[in-house]
Amino acid sequence: MLNLLEKLINEHGSSTILKERITAIKEEYTRLECEKNSLQVEVNSLKSLLSDKEFLITSLQKELIDIRDTINCDHCNSPDTYRTGVRNDPDFKLFTVKQFIYGCVDCKKVTYISEGID
């Protein structure tokens, strides 16, 4: 395409001025191609990172569901518990740690499980 433009300009204008303009256009085109390639590499890298993070989120969500499904009562060790709520952990107010609250079907007592605390 640039060759056709160059030919057209050479036939109908001052060749020195037009050649300078074409040279400037070619340089700008080359610069933009390099920038496009660099951005494409960055996009591919970010897509890969996003894919990795989505996989991690999915696996952590499954793990969290599995953990919540296996909560035993702290008092009678019964697996028959149900989640009644969630609140900010009173012992870790500054860190916004969540505390999950479970009720026991058998002994009717409450078990508290803090998020991320082993």
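Everything numeric here is computed off the predicted structure, so don't read it as measured data.

1. A short note on the overall build of the chain
Part 1: Tallying secondary structure elements over the chain gives two helices and three strands in all.
Part 2: Helices (α) and strands (β) of the chain occur, in sequence order from the N terminus, as α-α-β-β-β.
Part 3: The burial tally for the chain puts 14% of its 118 residues in the buried class.
Part 4: Look at the contacts in the chain between residues 6 or more apart in sequence, and 27% of them connect residues 24 or more apart.
Part 5: A total of about 9600 Å² of accessible surface is found on the chain, and carbon and sulfur atoms cover 57% of it.

2. Remarks on the confidence of the model for the chain
Close inspection of predicted coordinates is inappropriate in any region flagged by low pLDDT.
Part 1: Across the chain, pLDDT averages 84, with 84% of residues at or above 70.
Part 2: When pLDDT is averaged over each element of the chain, strand S2 (residues 98-104) comes out on top at 90 and helix H1 (residues 2-12) at the bottom at 67.

3. Re unusual backbone geometry
Part 1: Here Asn 77, not a glycine, exhibits a phi torsion of approximately 65°, which is positive.
Part 2: By the secondary structure assignment, Asn 77 is in the loop between helix H2 (15-69) and strand S1 (81-88).
Part 3: A positive phi angle, close to 65°, is found at Lys 108, a residue other than glycine.
Part 4: If you trace the backbone, Lys 108 turns up in the loop between S2 and strand S3 (110-114).
Part 5: For Lys 108, a relative accessible area of 64% puts it in the exposed group.

4. Some points on the pattern of salt bridges
Part 1: Under the criterion given, the structure shown has two salt bridges.
Part 2: Glu 35 is the salt-bridge partner of Arg 31, the closest N and O atoms lying 3.0 Å from each other. Of this pair, Arg 31 and Glu 35 both sit in helix H2, separated by four residues, roughly a single helical turn.
Part 3: Judged by relative accessible area, which is 42%, Arg 31 ranks as partly exposed.

5. As for the side chain of Asp 89
Part 1: For Asp 89, the position within the fold is in the loop between S1 and S2.
Part 2: If sequence neighbours within four positions are ignored, Asp 89 has contacts with Val 97, Lys 98, Gln 99 and Ser 114.

6. Remarks on the sheet that holds S2
Part 1: In spatial order, the strands read S1-S2-S3; together these three strands make up an open sheet with antiparallel pairing. Sheet topology places S1 and S3 at the edges, where each strand pairs with a single neighbour. Neighbouring strand axes in the sheet, compared pairwise and without regard to direction, differ in orientation by 25° on average.
Part 2: Across five bridges, the pairing between S2 and S3 is antiparallel. Along S3, the bridge assignment pairs Gly 103 with Val 110.

Conventions we followed
Residues numbered from 1 in each chain as written. Predicted model: local features only at pLDDT ≥ 70, side-chain atom pairs only at ≥ 80, totals over all residues. Heavy atoms only, no water. Helix = DSSP H or I, 4+ residues; strand = E, 2+ residues; numbered from the N terminus. Buried < 20%, exposed > 50% of the residue type's maximum accessible area, 1.4 Å probe, protein only. Contact = heavy atoms within 4.5 Å. Areas by Shrake-Rupley, 256 points an atom, 1.4 Å probe, with all protein chains shown as cover. pLDDT = per-residue confidence, 0-100. Salt bridge = Lys/Arg side-chain N within 4 Å of Asp/Glu carboxyl O. Pairing = 2+ DSSP bridges. Axes fitted to C-alpha atoms, helices over the stretch in contact; angles between N-to-C directions.

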